[in-house]
Amino acid sequence: MAIDKPHWRELFSEVVTSGSCTGCAACVIVCPHDVLDYDDKNGAYKPFHLDIDGGKADCTHGEKGCTLCTRACPRFRNWESEIDIRKFERDRTDEEIFGIGDVLLARSSDPFHVENGQDGGFVSSLLIYALENDIIDAALVSGLEGDGATWQTEPRVVTTRDQVIETAGSRYTYSANLLAYASAVENGAERIALVGMGCMASAPGAMQARKAGKVARRLSLTIGLLCSKTFDDKIFEELFEAQYGLKRADIKKINIKGVFQIWTHDGNYHEVPLKEGHVFTREGCKQCPDFAAEHADISTGGIGDFGDWTLVIVRTEQGRELMEAMKRDGVIETRPGDDDPGAVALLHRLARVSRKRWPETANPGPRRLPVTSA
Ligand SMILES: Cc1cc2nc3c(=O)[nH]c(=O)nc-3n(C[C@H](O)[C@H](O)[C@H](O)COP(=O)(O)OP(=O)(O)OC[C@H]3O[C@@H](n4cnc5c(N)ncnc54)[C@H](O)[C@@H]3O)c2cc1C
Ligand code: SF4
Ligand code: SF4
């Protein structure tokens, strides 16, 4: 009987060209032969095989037995269940529509981070705490190029409080934060936190479930960001500027709360209907079933009535210990998720909506939950 050793050839046909590739870059960073690269030009956000060693659709190293790219991919075959079992030691139940974990609200105890962060500065406080208490050596996050005026995202490594502060806030275009991994390792990091949306937050779990070597070990903490979609970069010119006169360089902060909320450097505030943005949905998000970053250790989001609190889902023992330590040391404040029942209901609803996007022709895992009921 032939042994199934899927490699780039299978990843290319089953994920990259089928529409379920999110562009998370996990395959690129684990490739031990450096034959994969990443195209982030013109909204592509896709891995590609260099035109050597097998060409675009095949890989001679794969033919000889290398399977690392498929072992890292958080959309390959039975990914969801494999990662659930590795991380939580069980499959999820039908009720666990947003994944396994407990919901609460949290925010930084430091008003500076509440103000500087996107929704409560919880992620910033967590990263600073983990860096300054010898829990991690570095974190992979998203920054903006140059002085930020272009709103072009770039994956970054942060190792200090100031770098965390500089990279706080949300950008709603894609940033494949895993691409900063090599730079973190070059600088000696062994315990690396990853901040990312569901597509990226499932990558460390996929690597750990399928034993993808050193990278799997080094990605030791995963902080997820709730996410319905990201947008093509052209949304800036073709919607915000063309329809509302808002130039990239004038925009100070963007949030999404049912509408695009846009603050400009001149102190003004603008709203753009969210439905006008839908046509700019990034290709890699269209089949994504994971709203709630279901394989993170701790997932975070901004839904709910309390604008300056982060909705937090604590999923793993490691996440629970970190939350306890931060509370004990006065770094964060928390309150029960039940304080905002509307947020919890919306979390269920948005998770359900995302699940319906997973194609019926793909591995049935993410569709097996009752996605059609209200
Ligand atoms: C693309 C995107 C879509 C989102 N959609 C939703 C949503 O639909 N509903 C919801 O409740 N929450 C959503 N969030 C999460 C929300 O915006 C906040 O990130 C979250 O509530 C944490 O807030 P905070 O104040 O604790 O984070 P902060 O302390 O401000 O830290 C935020 C962290 O996110 C990183 N980051 C910023 N932009 C990106 C990016 N594009 N890619 C990867 N990392 C990034 C930053 O580098 C920083 O480390 C989304 C976030 C992003 C990036
Ligand atoms: S989803 Fe991520 S790991 Fe899978 S093929 Fe796409 S970029 Fe590679
Ligand atoms: S919707 Fe969010 S989590 Fe899903 S692929 Fe897009 S960016 Fe990733």
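Definitions and limits used
- Every chain is numbered on its own, with residues counted from 1 as its sequence reads.
- Naming scheme: in the order in which they are written, chains are lettered from A and ligands are numbered from 1.
- Whole-chain, interface and lining totals are the exception, using all residues; otherwise, since this is a predicted model, local features are given only for residues with pLDDT of at least 70 and side-chain atom pairs are given and counted only at 80 or more.
- Secondary structure elements are taken from DSSP: a helix is a run of H or I of four residues or more, a strand is a run of E of two residues or more, and numbering for both begins at the N terminus.
- Here the radius of gyration uses the C-alpha set of atoms, whereas the globule reference equals 2.2 Å times the residue count to the power 0.38.
- Any residue surrounded by 20 or more other C-beta atoms within 10 Å of its C-beta is treated as buried, while 12 or fewer makes it exposed and the intermediate range makes it partly exposed; C-beta atoms here are placed from the backbone.
- Put plainly, near means the residue's C-beta atom, positioned from the backbone, lies within 6 Å of the molecule or strand in question.
- Amino acids are sorted into nonpolar (Ala, Val, Leu, Ile, Met, Phe, Trp, Tyr, Cys and Pro), charged (Asp, Glu, Lys and Arg) and polar (every other residue, Gly among them).
- A pair of strands is treated as paired once DSSP finds two or more bridges between them.
- For helices, the fitted line uses only the C-alpha atoms of the stretch in contact; every axis is such a line through C-alpha atoms, and the angle between N-to-C directions lies from 0 to 180 degrees.
- Each residue gets a C-beta atom placed from its backbone, and two residues are in contact if those atoms lie within 7 Å.
- One nonpolar core equals one set of buried Ala, Val, Leu, Ile, Met, Phe, Trp, Tyr and Cys residues connected by C-beta atoms within 7 Å.
- An automatic or database domain assignment supplies the residue ranges for each domain.
- What the arc measures is the spread of directions leading from the helix axis to the C-beta atoms.

S.K.: Hey, could you go over the overall build of the protein for me, with residue numbers and the actual values?
M.R.: Counting its regular elements, the protein contains 14 helices and 13 strands. Compactness check: the protein gives a C-alpha radius of gyration of 20 Å against a globular reference of 21 Å for 374 residues, within 12% of the reference. Along the first, second and third principal axes, the C-alpha atoms of the protein reach 65 × 50 × 45 Å. Taking all 374 residues of the protein together, 47% fall into the buried category.

S.K.: An account of the site of ligand 1 is requested, with residue identities and associated values reported.
M.R.: Taken together, 32 residues surround ligand 1, and among them G117, V123, S124, V141 and G301 come closest. Looking at the shell around ligand 1 residue by residue, the class counts come to eleven nonpolar, 19 polar and two charged.

S.K.: Explain the sheet that holds strand β9 (residues 259-264) residue by residue, including any values.
M.R.: Ordered in space as β8-β9-β10, the three strands form an open sheet in which the pairing is antiparallel. Because the sheet does not close on itself, it has two edges, and the strands there are β8 (251-256) and β10 (269-273). Each strand of the sheet is rotated relative to its neighbour by a mean of 20°, with strand direction disregarded. Where β8 meets β9, five bridges bridge the pair, whose relative direction is antiparallel. Each residue of the ladder has a partner; that of I256, found in β9, is F260.

S.K.: Hey, could you go over the pairing of strand β2 (residues 46-49) for me, with residue numbers and the actual values?
M.R.: The alternating pattern of β2 places P47 and H49 on a buried face, while none of K46 and F48, on the opposite face, is buried. In this sheet, β2 lies alongside strand β1 (residues 36-39) in antiparallel orientation, the contact comprising four bridges. Residue pairing for β2: D39 is matched across the bridge by K46. In textbook terms, the turn of a hairpin is the stretch between consecutive antiparallel strands, and for β1 and β2 this stretch comprises six residues, one of which, N42, has a positive phi near 50°.

S.K.: Which residues make up the sheet that holds strand β6 (residues 192-197), and what values do they have?
M.R.: Read from one edge of the open sheet, eight strands run β5-β4-β6-β7-β11-β12-β3-β13, paired in mixed fashion. Two strands lie at the open edges of the sheet, namely β5 (153-158) and β13 (332-336), each paired on one side alone. With direction set aside, neighbouring strand axes in the sheet form an average angle of 30°. Bridge count between strand β4 (residues 138-144) and β5: six bridges; the pairing is antiparallel. Paired with A139 across the two strands is V158, which belongs to β5. Across the face of the sheet, helix α10 (residues 198-209) comes into contact with β6 and β7 (219-225) while running at roughly 140° to β6.

S.K.: Explain the nonpolar core residue by residue, including any values.
M.R.: It is characteristic of soluble globular proteins that their nonpolar side chains tend to be buried jointly. The biggest cluster of nonpolar side chains holds 94 residues, and the ones touching the most others in it are A26, V30, A72, L140, L178 and I192. In terms of residue count, helix α7 (residues 122-132) provides more of this core than any other element does, eight residues in total. For L178, the contacting residues outside a window of four places in its chain are C24, A25, A26, I29, L140, L194, M200 and A203. Of all hydrophobic cores here, the second largest spans six residues; its members include F236, L239, F240 and L246.

S.K.: Go over helix α5 (residues 79-88) with me, naming the residues and quoting the values.
M.R.: Listing the buried residues of α5 in full gives W79, E80, E82, I83, D84 and K87. Check the buried side of α5 and you find it contacts α10. Note on α5: the residue one or two positions beyond its end, E89, has a positive phi of about 60°.

S.K.: Please set out unusual backbone geometry residue by residue, giving values where relevant.
M.R.: Of note in this structure, Y45 is not a glycine but carries a positive phi near 50°. Counting through the fold element by element, Y45 comes out in the loop between β1 and β2. For W151, which is not a glycine, the phi torsion comes out positive at approximately 60°. Judged by C-beta crowding, with 18 C-beta atoms within 10 Å, W151 ranks as partly exposed.

S.K.: Run through the domain arrangement of the protein, naming residues and quoting values.
M.R.: Split by domain assignment, the protein resolves into domain 1 (8-72), domain 2 (93-232 + 281-367) and domain 3 (235-280). Put simply, the middle of domain 1 and the middle of domain 3, counted by C-alpha atoms, are 34 Å apart.

S.K.: I'd like to hear about the environment of S170, residue by residue, with values.
M.R.: Note that S170 resides in the loop between α8 (161-166) and α9 (181-186). You can call S170 partly exposed: it has 17 C-beta atoms within 10 Å. Residues S170 and K253, spaced 83 residues apart in sequence, show a C-alpha to C-alpha distance of 8.3 Å. In this structure S170 touches Q118 and N255, once residues within four positions along its chain are discounted.

S.K.: Summarise the environment of A209; cite the residues concerned and give the values.
M.R.: For A209, the location among the structural elements is in helix α10. Spatially, the C-alpha atoms of A209 and R86 are 5.3 Å apart, while their sequence positions differ by 123 residues. When residues no more than four places from it in sequence are discounted, the contact partners of A209 are E82, I83 and R86.

S.K.: Could you give an account of helix α12 (residues 235-244), naming the residues involved and the relevant values?
M.R.: Where α12 is concerned, the buried positions are I235, F236, L239 and F240. Taken end-on, α12 shows its buried residues confined to a sector of 115°, consistent with a single buried face. Along α12, exposed side chains directed more than 90 degrees from the buried face belong to E237 and A242. Elements that come into contact with the buried residues of α12 comprise β9 and β10. Positioned one or two residues after α12, G245 has a phi angle of 70°, which is positive.

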